[in-house]
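The chain contents come next:
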Amino acid sequence: MWNEIQKIMKAKKISIYKLSKLTGLPWSTIANYKNGSEMSFRNACKIADALEISLDQLRKEVNEDGSKSSD
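Parameters and conventions
- Residues numbered from 1 in each chain as written.
- Predicted model: local features only at pLDDT ≥ 70, side-chain atom pairs only at ≥ 80, totals over all residues.
- Heavy atoms only, no water.
- Helix = DSSP H or I, 4+ residues; strand = E, 2+ residues; numbered from the N terminus.
- Contact = heavy atoms within 4.5 Å.
- Axes fitted to C-alpha atoms, helices over the stretch in contact; angles between N-to-C directions.
- Parallel < 35°, antiparallel > 145°, perpendicular 65-115°, else oblique.
- Left-handed = near helix turned anticlockwise from the far one by under 90°.
- Nonpolar A, V, L, I, M, F, W, Y, C, P; charged D, E, K, R; others polar.
- Core = buried A, V, L, I, M, F, W, Y, C linked by side-chain atoms within 4.5 Å.
- Buried < 20%, exposed > 50% of the residue type's maximum accessible area, 1.4 Å probe, protein only.

A. Main features of the side chain of Ser20. In this fold, Ser20 is placed in helix H2 (residues 16-23). For Ser20, the residues in contact, after removing those within four places along its chain, are Leu25, Pro26, Trp27 and Ile30.

Given below as C-alpha cells:
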C-alpha cells in the first residue's frame, strides 16, 4: 500500500511532513508505514482523504489473480 501512497504523493508533490500535517498523524507514524508497518483502517482513510483519493486507489497493489502483492 505504501508504494501507491508514495506514487500519489510524488505526483501531487506532497512530502511526508505535509502529509502528516494534512492527516493529523504524527510524522513518525507515517515514517513507520514507509518502513513497512501495517496501517490501521482509520489511518488509511485519513491518508486517502488527505490525498483526495479513494481507498480503492490505495489498494491497487493486487495481482491479476486477486491475491495481494507483498509490500
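B. Here's a closer look at the packing of H2 against helix H3 (residues 27-34). Put simply, H2 and H3 touch, their axes get as near as 9 Å, and they point 120° apart. Taken together, the axis directions place H2 and H3 in an arrangement best described as oblique. For the pair H2 and H3, the sense of crossing is right-handed. Contacts between H2 and H3 involve Ile16, Tyr17, Leu19, Ser20 and Thr23 on the former and, on the latter, Trp27, Ile30 and Lys34. Residues belonging to the contact of H2 with H3 are distributed by class as follows: five nonpolar, two polar and one charged.

C. Summary view of the nonpolar core. By size, the foremost hydrophobic cluster in this structure holds 18 residues, and its most contacted members are Trp2, Ile5, Met9, Leu19, Ile47 and Leu51. Here this core gets five residues from one element, more than from any other, and that element is helix H4 (residues 41-51). Not counting chain neighbours up to four residues away, the residues in contact with Ile47 comprise Ile5, Leu19, Thr23, Leu25, Tyr33 and Met39.

D. View of unusual backbone geometry. For Lys13, which is not a glycine, the phi torsion comes out positive at approximately 55°. Mapping Lys13 onto the fold places it in the loop between helix H1 (2-12) and H2. Within the chain, Glu52 stands out as a residue other than glycine whose phi angle is a positive 60°. Within the secondary structure, Glu52 is located in the loop between H4 and helix H5 (55-58). By relative accessible area, which is 68% here, Glu52 ends up exposed.

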